[in-house]
Amino acid sequence: MKSSFKTVIVFFISFFCYCQTDHCSYNTEKLPNNYYKYLQGNFENDNQIDKIIFDITSMIGLEKNFVYVNSPGINNCVALNYEGFRYILYDKSFLNKLSQNRNIKQSVYISVLAHEIGHHLQGHTLKNISENDNKLSEIEADKFSGFVMAKFGYSLMEALAAINSLPQTFSKTHPDKLKRLLAIKEGYEITTKKQNYFISKIKSELLNTLFVQYYMKGQEDLRNNNIEDAIDNFTTSITLNKENNFFPIALRAIAYSKAKLYPQAINDYKKLENIKINDSLAIGDFLYFNRGVTFAKMEDFSKASKDFYKAYELNKKDKIALMRFAESQTLNRNYQSAKLAYEFQLTDDDINNSELEKFSIGDAFFYKALSYYETNDLEYSEKYFEEAKKLFPKEYPRLALPYFYLGRIFEKKHNYEKALEQYLAFIEINKSEQNYFIYDINYDKANDVYLSLANLYQQKEDYDLSTKYINTLIERKPKLPNSYITRGLNNYYKNNLENAKSDFLKSCDLGSNEGCELVEKLKNKTIQKVKLKSSNHIIGGYKTNKILEYTYNSLTKEYDLTNELNVQSKLYFDLDNYAFKRGENNWLYSPWTYQNYDQSSQRHFYLDNYGQTITFDKNHKTITWYTKEINSVFQNIIIYTELIEDKTIIPNK
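A brief look at the structure comes next. (Residues numbered from 1 in each chain as written. Predicted model: local features only at pLDDT ≥ 70, side-chain atom pairs only at ≥ 80, totals over all residues. Heavy atoms only, no water.)

1. What about the packing of aromatic side chains?
Just so we agree on the cut-off: In this scheme Phe, Tyr and Trp rings, the latter by its six-membered ring, pair at centre separations within 6.5 Å, and the angle between planes marks the pair as stacked below 30 degrees, edge-to-face above 60, and tilted otherwise. Strands here mean DSSP runs of E at least two residues long; helices mean DSSP runs of H or I at least four residues long; both are numbered from the N terminus. For every residue, the accessible area obtained with a 1.4 Å probe (protein chains only) is divided by the maximum for its type, and the residue is called buried under 20%, exposed over 50%, and partly exposed between those limits. For a ring to carry a charge above it, either NZ of a lysine or CZ of an arginine must fall within 6 Å of the ring centroid while also lying within 35 degrees of the normal to the ring plane.
Applying the stated rule across the entire model yields 38 aromatic pairs. Measuring from ring centre to ring centre gives 5.4 Å for Trp625 and Tyr640, while their planes differ by 65°; the resulting arrangement is edge-to-face. A residue pair is termed long-range when its members are at least 10 positions apart, and Trp625 in strand β13 (residues 623-630) and Tyr640 in strand β14 (residues 633-641) qualify at 15 residues. Both residues of the pair, Trp625 and Tyr640, belong to the buried class. One aromatic cluster is present, built from ring pairs that chain together Phe359, Phe366, Tyr367, Tyr373, Phe385, Phe392, Tyr396, Phe404, Tyr405 and Phe426. Across the ring face of Tyr214, the terminal group of Lys217 is positioned such that the distance to the ring centre comes to 5.2 Å. Above the face of the Tyr484 ring, Lys506 is positioned so that its terminal group lies 6.0 Å from the ring centre.

Here it is in structure tokens:
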């Protein structure tokens, strides 16, 4: 999922009572309960609105002492005060509804915005006022609107047009339409003598809000990605205002993080923890969610998970925070925890309806799929990787990864034709070397894909194609011993014995016991073709508390039982790797490769990276390690017996 900060200015609906505390709206319509989610910092202000606000404040000789925010979806125009900062929220669609006649559109914009500016300039959003005073505040704001319209040379009819567009409704917060029309008319007809008094009265209401100017500049710089300027302006705002600085510090922390100055960002988040505000949504978003994003950028997914979950706890409707928690748990390899979040707290509808960008929804399904994949739930992981594929756009760096994992899933299901399709699609998406470096993990996965393609085509006896892909891998990573084994076998099957010998020797030189064995087998002409089996591979978690350890006795030529352990042990197997732990010990891991199925003993054989041979019976009740081979005799045998399948067992790397 894209690492994006929340730059939403968050306000509780219950915190607003129209103009009863610190919030004044143009009409009587209630704000939607979820309106704050629209107030994202990446909504650029409209140029027309910029000019109107500049003209109004310049006309009366004042600097803007408020922040104005393009807020599509609120169906209103609102003046409010929050933590010492004054805001005007405007919805361009709402303004357009009031000005259906194109000839009066500009005048309606000015009239409505002047009304909201009037609330700020006359201090209405700084007071706790009664119901009657609330209506009086609306009258005063309407007078200011009329006054501005007259100063700009508009007709009285144009000054009245916006209010005339509103329906006649009874309200506890707003006067009736006639009184508002008369107020606009009164403001419009203020004499020159009264004009000076009116402006003087407005100026006397203003506080010293220079810090707001720097805060607003910083906000604009942050939106335009002018990060250094944003940091400077937020710092100046914080210096000028020692009390109401929660949001400047919060946004400076975002700027620091975008500049990859992570220690400075974390230091600012620590400061936010010591600032007391009564808005849990703001704390959840600006402190915990955004700090979680910073920790995720630092790849500290443990701390990121904790912060994302705190943000979710403060607002149970914030499914994006829950998505980021599950994503961070997946990246921290706590797959079972992530899976539980997806299964019991985060539905597919929550993800689809999150109003994230399409590729971010794809990311959410990708990490959901990955949590299921790593817990060996192949059906659901296949489903969600397919969903991610549909949502990722072309040229998106992560687009190729679902194809990689789907290839692995189909290999585990022994559907090798479908596995080939997915791997080939992965290569096609990343067909230029440059594309691999767009997203680093694609490069590493590509190496695995080339090896899988080579091995699968080898099983199909298409040795030329197999050699083509293994040669590509050797060019990219020339020191992988398994690559030379695969190419050597291709040469052997094509009867190019000298080339086969050269490849096996190279693999042996690179430390592969299998490569060394193949050199000897080539001399003795005992190399057998290994065919992939279509069933009975061991997959998933198992447990037992019965372990038998044997040691080879060179005198008797037999194995002596040296230990019979009763230790609770866990084991986990998949197509590429295995892991095990005894008691409280840490998990131990190794890649392994399937070798063959021996019909006489009815056991499957694997070889791991330590050169150990591992076998298990067809019913998956025992698994045996053969270790320390000397003169073709294994010196130690370890047997885990009475295995019980346990799907909850997931190694925590």
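2. Comments concerning the sheet that holds strand β5 (residues 540-544)
Put simply, the rule reads: Two strands qualify as a pair provided DSSP detects at least 2 bridges between them.
Here we have 11 strands laid out as an open sheet, ordered β7-β6-β14-β13-β12-β11-β10-β9-β8-β5-β15, and antiparallel in their pairing. With partners counted over all chains shown, the strands left at the sheet margins are β7 (558-565) and β15 (644-645), one partner each. Pairing between strand β12 (residues 613-617) and β13: four bridges, direction antiparallel. In the sheet register, Ile614 faces β13, and the bridge partner there is Trp625.

3. Some remarks on the state of the cysteines
The test is simple: The criterion for a disulfide is a pair of cysteine sulfur atoms lying within 2.5 Å.
According to the stated counting rule, one finds one disulfide in the structure shown. The disulfide bridge from Cys508 ends at Cys516, spanning 1.9 Å between sulfur atoms. Its torsion about the S-S bond being 85°, the disulfide of Cys508 and Cys516 is classed as right-handed. In this structure Cys508 comes out as partly exposed when scored by relative accessible area, which is 23%. What makes Cys516 partly exposed here is its relative accessible area of 27%.

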